[in-house]
Amino acid sequence: MAYGCSGGGLVAYADANSSNGVHALATPEPVSKKKKVVVLGTGWAGTSFLKKLNSPSYDVQVISPRNYFAFTPLLPSVTCGTVEARSIVEPIRNIVRKKNVDICFWEAECFKIDAENKKVYCRSNQNANMNGKEEFVVEYDYLVIAMGARPNTFNTPGVMEYCNFLKEVEDAQKIRRSVIDNFEKASLPNLSDEERKRILHFVVVGGGPTGVEFAAELHDFVNEDLIKIYPSAKDFVKITLLEAADHILNMFDKRITDFAEEKFRRDGIDVKLGSMVVKVSDKDISTKVRGSGETTSIPYGMVVWSTGIGTHPVIRDFMRQIGQNNRRALATDEWLRVEGFNNVYALGDCATINQRKVMEDISAIFKKADKDNSGTLTVKEFQEVINDICERYPQVELYLKNKKMRNIVDLLKEAKGDVAKESIELNIEEFKTALSEVDSQMKNLPATAQVASQQGTYLANCFNRMEEVENNPEGPLRFRGEGRHRFRPFRYKHLGQFAPLGGEQTAAQLPGDWVSIGHSTQWLWYSVYASKQVSWRTRALVVSDWTRRFIFGRDSSRTA
Ligand code: FAD
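Computed from a predicted model, the values in this text were never measured in an experiment.

(A) Quick look at the overall build of the protein chain. Scanning the protein chain from terminus to terminus reveals 19 helices and 27 strands. Burial analysis of the protein chain (560 residues in total) assigns 39% to the buried set. When contacts within the protein chain are restricted to residue pairs at least 6 apart in sequence, long-range pairs at least 24 apart make up 64% of them.

(B) Representation of the sheet that holds strand β15 (residues 275-280) within the structure. Taken in spatial order, the three strands make up an open sheet running β15-β16-β17, and their pairing is antiparallel. Bordering the open sheet on either side are β15 and β17 (295-299), each of which pairs with just one other strand. For this sheet, the mean inter-axis angle between neighbouring strands, taken without regard to orientation, is 30°. Across five bridges, the pairing between β15 and strand β16 (residues 284-289) is antiparallel. Bridging across to β16, Met276 finds its partner in Lys288.

(C) Structural context of the site of the ligand. Near the ligand, the surroundings consist of 32 residues, among which Gly41, Gly43, Gly148, Gly348 and Thr448 are the closest. Mapped onto the shell around the ligand, the elements with two or more residues apiece are α1 (44-52), β3 (58-64), α2 (75-79), β6 (102-114) and α16 (449-464). Both domains that meet at the shell around the ligand, namely domain 1 (11-149 + 311-351) and domain 2 (159-310 + 496-552), each give it at least three residues.

(D) The arrangement of the environment of Ala146 in detail. When you line up the elements, Ala146 lands in the loop between β9 (142-145) and β10 (150-151). Residues Ala146 and Gly308 lie 162 residues apart in sequence; the distance between their C-alpha atoms is 18 Å. Ignoring any residue separated from it by four or fewer positions in sequence, one finds Ala146 in contact with Val39, Leu40, Gly41, Gly43, Ala45, Gly46, Phe49, Leu347, Gly348 and Cys350.

(E) Focus on the environment of Lys493. In this structure, Lys493 sits in the loop between α17 (466-471) and β25 (497-502). On the basis of neighbour count, Lys493 is assigned to the exposed category, with 10 C-beta atoms found within 10 Å. The sequence separation of Lys493 and Gln450 amounts to 43 residues, and the corresponding C-alpha distance is 8.7 Å.

(F) Examining the environment of Phe49 more closely. One can find Phe49 in helix α1. As a C-alpha pair, Phe49 and Val144 span 95 residues in sequence and 9.1 Å in three-dimensional space.

(G) Looking closely at the confidence of the model for the protein chain. With 81% of its residues at a pLDDT of 70 or more, the protein chain has an overall mean of 85. Predicted confidence is poor over residues 6-10, with pLDDT under 50, and the contacts of this stretch with residues over four places away or in other chains come to 22 contacts. Below pLDDT 50 for its whole length, residues 12-28 participates in 25 contacts with residues either more than four positions away or in separate chains.

(H) Representation of unusual backbone geometry in the model. Phi is positive for Asn155, which is not a glycine, with a value near 55°. By the secondary structure assignment, Asn155 is in the loop between β10 and α4 (159-162). In this structure Asn155 comes out as exposed when scored by C-beta crowding, with 8 C-beta atoms within 10 Å. Despite not being glycine, Leu336 shows a phi value in the positive range, around 70°. Turning to its location among the elements, Leu336 is positioned in the loop between β20 (330-332) and β21 (344-346). Residue classification places Leu336 among the buried positions, given that 25 C-beta atoms sit within 10 Å.

(I) Looking closely at the packing of α1 against α16. Closest axis-to-axis distance for the α1/α16 pair is 7 Å, and the angle between their directions is 35°. The way α1 lies across α16 gives a crossing that is right-handed. Contacts from Trp44, Ala45, Gly46, Thr47, Ser48, Phe49 and Lys52 of α1 reach α16 at Ala449, Ala452, Ser453, Gln455, Gly456, Thr457, Leu459, Ala460 and Asn461. Considered class by class, the residues forming the contact of α1 with α16 number seven nonpolar, eight polar and one charged.

(J) Expanded view of the nonpolar core. Val144 and Ile145 are the most contacted members of the largest nonpolar core, which has 123 residues in total. At eight residues, the largest contribution of residues to this core is made by helix α7 (residues 209-229). Two domains share this core, each providing at least three of its residues, namely domain 1 (11-149 + 311-351) and domain 2 (159-310 + 496-552). Excluding its chain neighbours within four sequence positions, the residues that come into contact with Val144 are Val37, Val38, Val39, Leu40, Phe49, Tyr345, Leu347 and Leu459. Residues Phe382, Val385, Phe431 and Leu435 belong to the second largest nonpolar core, which totals nine residues.

(K) Focus on the sheet that holds strand β13 (residues 238-243). Spatial ordering of the open sheet is given by β11-β18-β12-β13-β14, a layout of five strands whose pairing is parallel. Of all the strands in the sheet, just β11 (164-165) and β14 (270-273) have a single pairing partner and so form its edges. Where β13 and β14 come together, four bridges link them in parallel fashion. Following the sheet pairing, Glu243 is matched in β14 by Leu273.

(L) Region of interest: the pairing of β3. Counting buried positions over the seven residues of β3 gives seven, a clear majority of the element. Burial along β3 is two-sided: the residues Tyr58, Val60, Val62 and Ser64 and Asp59, Gln61 and Ile63 are all buried. By the bridge criterion, six bridges tie strand β2 (residues 35-40) to β3 in an arrangement that is parallel. Opposite Lys36, over in β3, you have Asp59 as the bridge partner. This β-α-β element, β2 to α1 to β3, shows right-handed connectivity. Of the strand pairs in this sheet, β3 and β6 are connected by six bridges, and their pairing is parallel. Residue pairing in the sheet places Ile63 in a bridge with Trp106 of β6.

(M) Spotlight on α7. With 21 residues, α7 extends 29 Å between its outermost C-alpha atoms, agreeing within 8% with the 30 Å of an ideal straight helix rising 1.5 Å per residue. In α7, a bend of some 40° at Val222 exceeds every other bend along the element. For α7, the buried fraction is high: 15 of the 21 residues fall into the buried class.

Criteria and cut-off values
- Residues numbered from 1 in each chain as written.
- Predicted model: local features only at pLDDT ≥ 70, side-chain atom pairs only at ≥ 80, totals over all residues.
- Helix = DSSP H or I, 4+ residues; strand = E, 2+ residues; numbered from the N terminus.
- Buried ≥ 20, exposed ≤ 12 C-beta atoms within 10 Å, placed from the backbone.
- Contact = placed C-beta atoms within 7 Å.
- Pairing = 2+ DSSP bridges.
- Axes fitted to C-alpha atoms, helices over the stretch in contact; angles between N-to-C directions.
- Near = placed C-beta within 6 Å.
- Domains from an automatic or database assignment.
- pLDDT = per-residue confidence, 0-100.
- Left-handed = near helix turned anticlockwise from the far one by under 90°.
- Nonpolar A, V, L, I, M, F, W, Y, C, P; charged D, E, K, R; others polar.
- Core = buried A, V, L, I, M, F, W, Y, C linked by C-beta atoms within 7 Å.
- Right-handed = clockwise from strand over helix to strand, strands pointing away.
- Expected span 1.5 Å × (residues − 1).
- Bend = angle between axes of the 7 residues up to and from the residue.

This is how it looks when you write it as structure tokens:
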């Protein structure tokens, strides 16, 4: 039996004689009748899967280079010491200590997935004194890939070398140290004012929720805490937010975007819209203004790069193997199975549900809906098509809601111009236009913790019922007229999103197009994020950090 593992996990240790450094089993392991489930990753998706899994019929092996779960929505707060790094992490071994499920954890990273042979190749983080045993192979019956994503640099020169990212706990800790470093550096005696200005110029690239929240946190940290202890820095410090699009927070309601831009302007955060970063050097960041093409070079002291996510290299390699080139994430079906594999699942930021199929044969959809073969669809028929599509693809529903199209008549009006409700009929061309508008917007579910954790929970529920449905395969009816499937497909339930804007103000866009902005929403944010903590320990730590910050301010010591 493998050390530290309660079940009979098949773990193959590296052998010095093997051709690729990784070899088959050194000694035969006792054969377990339980199905072997391998989970890659201990982020939102992997952890919510593990938390909900309660069937004793699996041997579960969890592989991740970090032995903890991190509550990423509070990472921006860690960058400025509003909460401490240790308060937002929970050891994965604590989380998986369950009485009735055999789960063991290996702190290692997977570097290759071999789905044909049902194996994953892993390498331990502990490279010292392992005598070539740091690599091993794990076999599986079911594989759950939840490896997340990497920051997207768009291959911009200099970004990897000179920018900070905000993806992991270590990134947030590094940013915190760098901010204080820069204040100390700028206080040294023999610097020119020009140099002080450069060192205290903090540039945030990307006006999405993370970039905006970080800029707001930094503004509060500087104005509420640092200025008091570095009074001479007051005239030199500056925060700039660069956004390539026309607005920041452009996935939010316009009222929130407008409020955030106006608040940042009042706070003195320089928001440069339509500014695309083309190059970063050790002291300057070069931007190109959209439209005019004018380039500007901005001297900086620290840059935080937050422009969305790209593909994990191991996932990219796996996608190449299975013919899913030119995608950002692994395509799965609606049951989260990687296309072409019945026993490989992908969830969270590394996956995307392939929703294009519905649009592949647009004429077939039209014909099916056109019951009287008239060549036109009535409002009612079109409504049925859309209801069907919404049932399969929750993101279409979300899109319609976001566009404030409470019903399909609005969509038809957009496709046909402002026509009175009763008289609307669509021919195939108009039908295509109406659907392609929706289609172009329903690319992916957002890459959020909310999606990842709902997927983890959904999949665990499927696994919990796997044995039961194997004996009774006639599952629920899938969709009207499309037969049955063992499980209902995954359906995302959007619970709303927050955008903290600093100064104890937060914006929230909640289901039903309810928008709320201000101090009271900040209290809603506090209560939601406290309640969402993964354990009572982290909940207590986070709440006590917030209280400490209210009473004493943030800690600005260099060792923090
Ligand atoms: P992750 O949580 O990133 O987990 C990936 C896991 O895979 C990690 O455990 C990692 O160690 C592991 N891994 C990596 N490489 C390997 C490998 N080679 N082998 C094995 N394991 C590996 N979402 C929200 O809904 N609300 C928010 O307010 C919010 N705020 C955010 C703030 C920040 C600063 C960031 C960075 C993200 C935020 N998100 C938010 C997004 C959210 O964090 C992600 O969508 C979510 O973490 C995705 O979950 P995941 O499990 O797919 O990936």
